[in-house]
Amino acid sequence: MNWDDARVFLAVCRESTLRGAARVLGVDQATVGRRITALEKSLSATLFLRTPDGYALTAVGEAALKSVEKMEHSALELERRIQGLDDRLTGNVRVSTTDSLAIDFLIPAIARLHERHPDVRVQLDASTQILSLAKREADIAVRNTRPDNPDLIARRIARWPVGLFASQAYIDANGVPRQGSAFEGHDLVVYHPYLQGNKDMTLVSEPLHRGRIVASLSSSLLVRRSIAAGLGIGEMPVYMGERDGLVRLWPERTRPLPYEVWLVTHADLRHTARVRAVIEQIVDVFALENE
């Protein structure tokens, strides 16, 4: 068999369609179809059932998937270990983070990096989606949750209290909510994932069932911008609210769990020169903010 077809097989398994697999692999749909047909011919087996909803694995395909995933794991491990020995300050480093942290910290860190090591290029992905470091979707992640994968090295680089904020324009128009009122008569903006499956949602431990949720946002940056625009009251890390010039309400109250930031990389890559250089600049920029 052509071992490179294993990548195509995995992509179709995970995407269920030729179009989705083609997008992931960066090739055209016809190429994916040809490669799957060639793989099945070389193995003398039918790996997929072609259905109206996409490609579904046969029993033989299920068995093949387990073996191909082992191949992928070994290939990625080899790549990480070889790159972990690389002491050249050149090449690409993929970093995953949120949009707020990207704007406030990662972009300044990249600017500092460019001054010192102009041949190191950073590919920055800012989204709420958590990319897999084990599968080499990213080399470094700056996250607000600590991973539980023992192969990943995690370092907490920030820990901020979370407070309640509004714009001065909102306060001038609506006043400050009374504690214990469950935000009665007030407009609220919330982070959308908190709404999902959370019937007893609160803001800084205050129930919000009497308030009016006027917007639920998919990212922390959208929450920040909505509050700054006077759309309503919302929660955010205190440093963000102060940085944006917002008014902190009920300053004696915070969310029970603080907002933590973790810098994560794979154990095999932490000594790669270019990865280490990027990590150093990220850590330095966070340290400056926390002084």
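Everything discussed here concerns the structure shown above.
Residues numbered from 1 in each chain as written. Predicted model: local features only at pLDDT ≥ 70, side-chain atom pairs only at ≥ 80, totals over all residues. Heavy atoms only, no water.

## Quick word on the overall build of the protein
Put simply, the test is: Secondary structure counts use DSSP, requiring at least four H or I residues in a row for a helix and at least two E residues in a row for a strand, with both numbered from the N terminus. Here the term buried applies to any residue with accessible area under 20% of the maximum for its type, exposed to any over 50%, and partly exposed to those in between, with areas from a 1.4 Å probe on protein chains only. Two residues qualify as a contact provided that any one of their heavy atoms is within 4.5 Å of a heavy atom in the partner residue. Per-residue accessibility takes into account occlusion by the displayed protein chains alone, with areas from the Shrake-Rupley method and a 1.4 Å probe. Charge counting treats Lys and Arg as positive and Asp and Glu as negative, with His and both chain ends excluded. Throughout, a charge is located at the NZ atom of Lys, the CZ atom of Arg, the CG atom of Asp or the CD atom of Glu.
Scanning the protein for helices and strands turns up 10 helices and 14 strands. Structurally, the protein occupies a C-alpha span of about 75 × 50 × 30 Å along its principal axes. In the protein, buried positions account for 44% of the 291 residues. At a minimum sequence separation of 6, the contacts of the protein that also span at least 24 residues come to 76%. If you sum the accessible surface of the protein, you get close to 15,500 Å²; carbon and sulfur atoms cover 51% of it. Computed over 37 positive and 37 negative side-chain charges, the separation of the two mean positions in the protein equals 3 Å.

## A short note on the pairing of strand β7 (residues 162-166)
The criterion, for reference: Strands pair, by our definition, only if DSSP identifies at least two bridges between them.
Among the five residues that make up β7, five are buried, leaving the element largely enclosed by the rest of the structure. The alternating pattern of β7 places V162, L164 and A166 on one face and G163 and F165 on the opposite face, and all of these are buried. Two elements, β7 and strand β13 (residues 247-249), share three bridges in a ladder whose sense is antiparallel. Bridge pairing in β13 links L164 to L249.

## Things to note about empty space enclosed by the protein
In this approach, a probe sized like a water molecule rolls over the atoms, and the result shows the empty space that is left. Convention followed: Using only the protein atoms, space was sampled on a 1 Å grid; points where a 1.4 Å probe fits but cannot get out form cavities, open sets with protein on both sides within 12 Å along at least five of seven lines form pockets, and lining residues are those with an atom within 4 Å of a point. Grid points are joined across faces, edges and corners, and a volume is the space filled by probe spheres set on the points. Here the term charged refers only to Asp, Glu, Lys and Arg, the term nonpolar to Ala, Val, Leu, Ile, Met, Phe, Trp, Tyr, Cys and Pro, and the term polar to all other amino acids, Gly among them.
Within the structure shown, the criterion is met by one cavity of 30 Å³ or more. Here the largest cavity defines a volume of roughly 40 Å³. Taken together, L106, A109, I110, L113, V122, V278, Q281 and I282 make up the lining of the largest cavity. Elements with a minimum of two residues in the lining of the largest cavity: α5 (99-116) and α10 (273-290). Examining the composition of the lining of the largest cavity, we find that four residues originate from one element, α5, more than from any other. Grouping the constituent residues of the lining of the largest cavity by class yields seven nonpolar, one polar and no charged.

## Things to note about α5
As a reminder, the rule being used: To estimate how far a helix should extend, the number of its residues minus one is multiplied by 1.5 Å. A residue's bend is given by the angle between axes fitted to the 7 residues ending at it and the 7 residues starting at it.
Here α5 contains 18 residues, and its C-alpha end-to-end distance of 24 Å stays within 8% of the 26 Å for a straight helix at 1.5 Å per residue. The sharpest bend along α5 comes to roughly 40°, located at F105, with the proline P108 sitting one to four residues further on. When α5 is considered as a whole, its buried residues turn out to be D99, S100, L101, A102, D104, F105, L106, A109 and L113.

## As for unusual backbone geometry
Outside of glycine, negative phi angles account for most residues, and trans bonds account for most peptide bonds. At S16, a residue that is not glycine, the phi angle is positive and equals roughly 70°. On the secondary structure map, S16 appears in the loop between α1 (5-15) and α2 (18-25). Among the residues examined, S16 registers a relative accessible area of 29% and is labelled partly exposed. Phi at A182 takes a positive value of approximately 55°, unusual for a residue other than glycine. Looking at where A182 falls in the secondary structure, it is placed in the loop between α6 (168-174) and β8 (187-191). The buried category is assigned to A182, whose relative accessible area is 5%.

## Some points on the packing of α1 against α2
When two helices pack together, their arrangement is given by the angle between the helix axes and by the axis-to-axis distance. Inclusion rule: As a rule, the C-alpha atoms of each element are fitted with a line to give its axis, helices using only the stretch in contact, and angles between N-to-C directions run from 0 to 180 degrees. Oblique is the label for every angle not falling under 35 degrees (roughly parallel), over 145 degrees (roughly antiparallel), or within 65 to 115 degrees (roughly perpendicular). Handedness of a crossing is defined here by the sense of rotation of the near helix relative to the far one, left-handed for an anticlockwise turn of less than a right angle and right-handed for a clockwise turn.
With their axes 8 Å apart at the nearest point, α1 and α2 run at an angle of 125° to one another. Between α1 and α2, the interaxial angle falls into the category oblique. The hand of the α1/α2 crossing is right-handed. On α2, the residues that touch R7, V8, A11, V12 and E15 of α1 are L18, G20, A21, R23, V24 and L25.

## Re the sheet that holds strand β14 (residues 259-266)
Within the open sheet, the five strands sit side by side as β4-β3-β5-β14-β6. Their pairing is mixed. Each edge of the open sheet is held by one strand with a lone partner, namely β4 (120-126) and β6 (152-160). Averaged over all pairs of adjacent strands, the angle between strand axes in this sheet comes to 20°, irrespective of strand direction. Examined bridge by bridge, strand β3 (residues 91-97) and β4 share seven bridges and lie parallel to one another.

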